Amino acid sequence: MKWTLLTSFLCLLSPVLAQDTSLDEVKRAFDAANIPRDLSINFNPRVLLEVTFPEPSGSITLHAGEQLPRDATAGPPSYEAVGTDFTGPFVIAAVDPDAPTPQEPTSAQIRHFLGGNFFGRSVRDGVEVLRNSTPAISEFLQPTPPAGSDAHRYVFLLFRQPATFNDQTEITTQSPISLFNISQFAADVGLGDPIGGTFMLVAPDA
């Protein structure tokens, strides 16, 4: 089934402005959107990754698969890990597997964020606010699906950071953001499988 046929279905699954509360629901949303297959990852989340966008009147915390207007995604977002007793370090990545269009993703994946050295600060039982202690490799890039495209999936993934991560040179601040491959990068630098994730849909501006 083409991704474009799933878009309306996923939007119906996702309550507006509600964060993820169930690992099983997140996994089902990822599977329904074909994300593990399209990113060539194994996705069996063990923690909830909360991604929150600042807004003039408050904030929006993602629910996996919900669609946001582009002007709500300027960011940069903040991150929390829910249900973990591990305080870091973590790596967070965000990718668009649908560039320039879901039907012909010839530029995918676009790397919208990549940062390491995230450490948790406990704010309540099992909830860690994640802050990076070093600059990101790729700072957050706002979604910009081109005019005429269907909505794109923007996928956020959380990894445990290996001891050697800061020595990797495969992706640097100078690396192109297009034609990125998160599964290959994860294998090359020893990230393993993601331990958490969420995603949103963003369509072009009207």
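Shown above is the structure to which this text applies.
Worth saying up front: this structure is predicted, and the values here are computed from it rather than measured.

Cut-off values and rules
Residues numbered from 1 in each chain as written. Predicted model: local features only at pLDDT ≥ 70, side-chain atom pairs only at ≥ 80, totals over all residues. Heavy atoms only, no water. Helix = DSSP H or I, 4+ residues; strand = E, 2+ residues; numbered from the N terminus. Rg over C-alpha atoms; globule rule 2.2 N^0.38 Å. Buried < 20%, exposed > 50% of the residue type's maximum accessible area, 1.4 Å probe, protein only. Contact = heavy atoms within 4.5 Å. Areas by Shrake-Rupley, 256 points an atom, 1.4 Å probe, with all protein chains shown as cover. Lys, Arg positive; Asp, Glu negative; His and termini not counted. Charge placed at Lys NZ, Arg CZ, Asp CG, Glu CD. Pairing = 2+ DSSP bridges. Axes fitted to C-alpha atoms, helices over the stretch in contact; angles between N-to-C directions. Phe/Tyr/Trp six-rings, centres within 6.5 Å; stacked < 30°, edge-to-face > 60°. Lys NZ or Arg CZ within 6 Å of the ring centre and 35° of its normal. Salt bridge = Lys/Arg side-chain N within 4 Å of Asp/Glu carboxyl O. Core = buried A, V, L, I, M, F, W, Y, C linked by side-chain atoms within 4.5 Å.

Some points on the overall build of the chain
Here's step 1: Of regular secondary structure, the chain possesses four helices and nine strands.
Here's step 2: In the chain, the succession of α and β elements from N to C terminus is α-α-α-β-β-β-β-β-β-β-β-α-β.
Here's step 3: Rg of the C-alpha trace for the chain: 16 Å, near the compact-globule value of 17 Å for 206 residues, within the 12% margin.
Here's step 4: Looking at the chain as a whole, 52% of its 206 residues qualify as buried.
Here's step 5: Restricting the contact set of the chain to residue pairs at least 6 apart, pairs at least 24 apart contribute 75%.
Here's step 6: Surface exposure of the chain reaches about 9,600 Å², of which carbon and sulfur atoms provide 51%.
Here's step 7: For the chain, the distance from the average position of its 12 positive side-chain charges to the average position of its 23 negative side-chain charges is 2 Å.

Details of the sheet that holds strand β8 (residues 152-160)
Here's step 1: The sheet built from nine strands is open, its strands ordered β2-β1-β4-β7-β6-β5-β8-β9-β3 with mixed pairing. The sheet is open, and its two borders are formed by β2 (58-61) and β3 (66-68), each paired with just one other strand. Averaged over all pairs of adjacent strands, the angle between strand axes in this sheet comes to 35°, irrespective of strand direction.
Here's step 2: Where strand β4 (residues 78-82) lies against strand β7 (residues 127-132), four bridges are found, and the strand directions are antiparallel. Paired with E80 across the bridge in β7 is V129.
Here's step 3: Sitting on the sheet, helix α2 (residues 23-32) is in contact with β1 (48-55), β8 and β9 (196-202), with an inclination near 50° to β9.

Things to note about unusual backbone geometry
Here's step 1: Of the consecutive residues A99 and P100, the connecting peptide bond is found in the cis state with omega at -5°.
Here's step 2: Relative to the helices and strands, P100 is located in the loop between β5 (90-96) and β6 (110-124).
Here's step 3: Residue Q109 is bonded to the preceding A108 through a cis peptide linkage, with omega at -5°.
Here's step 4: Tracing the sequence through the fold places Q109 in the loop between β5 and β6.
Here's step 5: With phi around 60°, N34 is a residue other than glycine that occupies positive phi space.

Describing the packing of aromatic side chains
Both the distance between ring centres and the angle between the ring planes are used here to describe each pair of aromatic rings.
Here's step 1: Enumeration over the complete set of coordinates arrives at eleven aromatic pairs.
Here's step 2: Aromatic pair F113 and F118: ring centres 6.2 Å apart, planes at 65°, arrangement edge-to-face. A single burial state applies to F113 and to F118, both of which are buried.
Here's step 3: Joined through ring pairs, the aromatic side chains of F53, Y79, F113, F118, F140 and F156 make up one cluster.
Here's step 4: The residue whose ring lies beneath R111 is F180, and the NZ or CZ to ring-centre distance is 5.0 Å.

Looking at the pairing of β7
Here's step 1: The pairing of β6 with β7 spans six bridges and is classified as antiparallel. By the bridge assignment for β7, F119 is matched with R131.

Points about the pattern of salt bridges
Side chains bearing opposite charge may pair, as long as their charged atoms lie close to each other.
Here's step 1: Scanning the model with the defined rule gives five salt bridges in all.
Here's step 2: Residues R37 and D38 are paired through a salt bridge, measuring 3.1 Å at the closest nitrogen-oxygen approach.
Here's step 3: In this structure, R70 and D205 form a salt bridge, with 3.6 Å as the shortest nitrogen-oxygen distance. A residue pair is termed long-range when its members are at least 10 positions apart, and R70 in the loop between β3 and β4 and D205 in the segment after β9 qualify at 135 residues.
Here's step 4: What emerges from the salt-bridge pattern is a single network uniting R37, D38, D98 and R153.

Thoughts on the nonpolar core
Here's step 1: L157, I182, F185 and F199 are the most contacted members of the largest nonpolar core, which has 31 residues in total.
Here's step 2: Mapped onto this core, the elements with two or more residues apiece are α2, α3 (35-39), β5, β8, α4 (182-189) and β9.
Here's step 3: Considering each element in turn, this core owes the most residues, four residues, to α4.
Here's step 4: Ignoring sequence-local partners within four residues, the contact set of L157 consists of F30, L39, I41, F43, L49, V91, I92, A93, I182, P194, G196 and G197.
Here's step 5: By size, the runner-up hydrophobic cluster in this structure holds 25 residues, among which are V51, A72, A94 and V202.

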